[in-house]
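Below are the chains, spelled out letter by letter.
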Amino acid sequence: EFADFECPYCGFVRPILEELVKKHGDKVRVCYAPYPLPNHPNGMPSAVAALVARDKGKFWEMHDRLFANQLALSVPTIKELAATLGIPAAEVQKALDSGKYAAEIASWKELGKTSGVERTPTIFLNGRVFELSPTVEQFDHAADDELEWISSPNAWAKD
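Structural notes on the packing of aromatic side chains
The full count for this structure, using the stated rule, is 6 aromatic pairs. Ring geometry for F2 versus Y35: centroids 6.0 Å apart, planes at 90°, classification edge-to-face. With a gap of 33 residues between them, F2 in strand β1 (residues 2-3) and Y35 in the loop between β2 (33-34) and α2 (43-55) connect regions that are remote in the sequence. Judged by centre distance (6.0 Å) and plane angle (80°), the ring pair of F2 and F124 falls under edge-to-face. Residue F2 is located in strand β1, and its partner F124 is located in strand β3 (residues 122-125); the two are separated by 122 residues in the primary sequence. Take F2: its relative accessible area is 7%, and that puts it in the buried class. Here a set of aromatic residues connected by ring pairs shows up, and it is made of F5, Y32, F59, W60 and F67. Across from the ring centre of Y35, 5.0 Å away, lies the NZ or CZ of K109, which sits over that ring.

Some remarks on helix α4 (residues 75-84)
Looking only at α4, the buried set comprises T77, I78, L81 and A82. With its buried residues spanning 140° around the axis, α4 presents them on a single face. Among the structural elements, α2, α3 (59-68) and α5 (89-98) are those in contact with the buried residues of α4. After α4 finishes, the residue G86 shows a positive phi value of roughly 85°.

Here's the deal with the packing of α4 against α5
At their nearest, the axes of α4 and α5 sit 8 Å apart, and the two run at 130° to each other. One way to sum up the angle between α4 and α5 is to call them oblique. Taken as a pair, α4 and α5 cross one another with a handedness that is right-handed. Contact with α4, carried on its side by V75, K79 and A82, involves A89, V92, Q93 and L96 of α5 and no other residues of that element. Broken down by class, the residue content of the contact of α4 with α5 amounts to 5 nonpolar, 1 polar and 1 charged.

Thresholds applied
- Residues numbered from 1 in each chain as written.
- Predicted model: local features only at pLDDT ≥ 70, side-chain atom pairs only at ≥ 80, totals over all residues.
- Heavy atoms only, no water.
- Phe/Tyr/Trp six-rings, centres within 6.5 Å; stacked < 30°, edge-to-face > 60°.
- Helix = DSSP H or I, 4+ residues; strand = E, 2+ residues; numbered from the N terminus.
- Buried < 20%, exposed > 50% of the residue type's maximum accessible area, 1.4 Å probe, protein only.
- Lys NZ or Arg CZ within 6 Å of the ring centre and 35° of its normal.
- Arc of directions from axis to C-beta.
- Contact = heavy atoms within 4.5 Å.
- Axes fitted to C-alpha atoms, helices over the stretch in contact; angles between N-to-C directions.
- Parallel < 35°, antiparallel > 145°, perpendicular 65-115°, else oblique.
- Left-handed = near helix turned anticlockwise from the far one by under 90°.
- Nonpolar A, V, L, I, M, F, W, Y, C, P; charged D, E, K, R; others polar.

Here's what the structure looks like:
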C-alpha cells in the first residue's frame, strides 16, 4: 500500500485492509510504503514519525494512532502520539529537523512513481493495482483469485 497518513481515502481503506488480513490470515500481508503528498502538510511529518516508530519496533502501533487521529494531525499531535508509545517527542523532532528519513521516503515515492502510483491510496495485490477506494468485496475476491492461482501452479483451479 502506497499511502499518506493525512489522506482521507487512505483512512477509509485502512479498515478494509485490516478485514482482508483477518479473513486470509498469514496468506495475506500488508506492506506500507510512505507516500506523503505535497498537499497534505502533515503527511511528511507523519511518515517520519512512523519510520522513527518502525526503528523502535512500533510501526503498526504508530500507524494505527496516526490514522485514528487523522483529522487532528499536526506536528505537536504527531509528537504526542509518539510519546504515548514511549518515543520521546524530541527524538521525532530531531528526525524532522535533520531530514533523517528524507532519502528513504524519496526512494519509496520513486518506487511508487515507477510502479504507476499517481494518488493515494494505491494498493498492489500480488502485482495488480487497486486505486482509491475499493470495497472489502473487491479485495476479498481479488485475494481469493490470487490465492487460487498460486495454489494451482499458476493456473486456475478446475471448478
